[in-house]
Amino acid sequence: MILRRVFLLAIIVGLAIGSFAAWAAETNPYTPEAFGEVQKAGKSILVHINAPWCPVCQAQKPILAKLTGEPKFKNLVVFEVDFDNQKDAVRAFKAQSQSTLIVFKGEKEIGRSVGDTRRASMAALLARAL
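Every residue gets a number counted from 1 within its own chain, in the order that chain's sequence is written. Confidence filtering applies because this is a predicted model: local features only for residues at pLDDT of at least 70, side-chain atom pairs given and counted only at 80 or more, and all residues used for totals across whole chains, interfaces and linings. Water and hydrogen atoms play no part in the side-chain values, which are based on all heavy atoms of the structure.

*Asks:* Which residues make up the pattern of salt bridges, and what are the values?
*Replies:* Salt bridges are defined by distance alone: a side-chain nitrogen of Lys or Arg within 4 Å of a carboxyl oxygen of Asp or Glu. This structure, assessed with the given rule, holds 4 salt bridges. Close ionic contact of Arg 118 with Asp 116 constitutes a salt bridge, the shortest N to O distance being 3.2 Å.

*Asks:* Report on the packing of helix α3 (residues 55-68) against helix α5 (residues 119-128), specifying residues and quantitative values.
*Replies:* Taken N-terminus to C-terminus, the directions of α3 and α5 make an angle of 55°; their axes are 10 Å apart at the nearest point. Comparing their axes, α5 and α3 come out oblique. Our pair here, α3 against α5, has a crossing hand that is right-handed. Along its contact with α3, which presents Gln 60, Ile 63, Leu 64 and Leu 67, the element α5 presents Arg 119, Met 122, Ala 123 and Leu 126. Gly is placed with the polar residues, together with every amino acid not listed as nonpolar (Ala, Val, Leu, Ile, Met, Phe, Trp, Tyr, Cys and Pro) or charged (Asp, Glu, Lys and Arg). By residue class, the composition of the contact of α3 with α5 is 6 nonpolar, 1 polar and 1 charged. Here an axis means a line fitted to C-alpha atoms, over the contact stretch when the element is a helix, while the angle between two N-to-C directions is reported on a 0 to 180 degree scale. To qualify as a helix, a DSSP run of H or I must reach at least 4 residues; to qualify as a strand, a run of E must reach at least 2; elements of each kind are numbered from the N terminus. An angle below 35 degrees is read as roughly parallel, one above 145 as roughly antiparallel, one from 65 to 115 as roughly perpendicular, and any other as oblique. The handedness criterion is simple: a crossing whose near helix is rotated anticlockwise from the far helix by less than a right angle is left-handed, and one whose near helix is rotated clockwise is right-handed. Any two residues whose heavy atoms approach within 4.5 Å at even a single point are treated as in contact.

*Asks:* Could you give me a rundown of helix α2 (residues 32-40), with the residues and numbers involved?
*Replies:* Considered for burial, the residues of α2 that qualify are Phe 35, Gly 36, Val 38 and Gln 39. Looking straight down α2, one finds that the buried residues subtend no more than 165° of arc, so they occupy a single side. Across from the buried face of α2, at angles greater than 90 degrees, the exposed residues are Glu 33, Glu 37 and Lys 40. Packing partners of the buried residues in α2 comprise β2 (44-50), β3 (77-82) and β4 (100-105). Exposure classes here rest on a 1.4 Å probe applied to the protein chains alone. A residue is buried below 20% of its type maximum, exposed above 50%, and partly exposed in between. The arc refers to the directions leading from the helix axis to the C-beta atoms.

See the structure below:
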């Protein structure tokens, strides 16, 4: 009987995790065209300016993945900008460094942070775009 309960619990948890993952926002490589389309549609947007060598950026990624997996952020559109290889975009966003998070609601910038790895403040920033 205990094994049966453990098995059923494992199935329930597995289903919950699976549906939780279905809510995760998709991360898109940044292009000016794609970003412009999403802005014109009035959507909530996160731009993450990062670099593969940046330890802060790497710390931000799993936090952002968990946050965007929450149901309230399911419609957030996430764009990744490569700090080293997309210098035009970095300049267009007026980003001074990697590990920059910028949120938009449509065409309007709502907020930004640099170097933040605290889940609560990152969640508050994302929530401003909703």
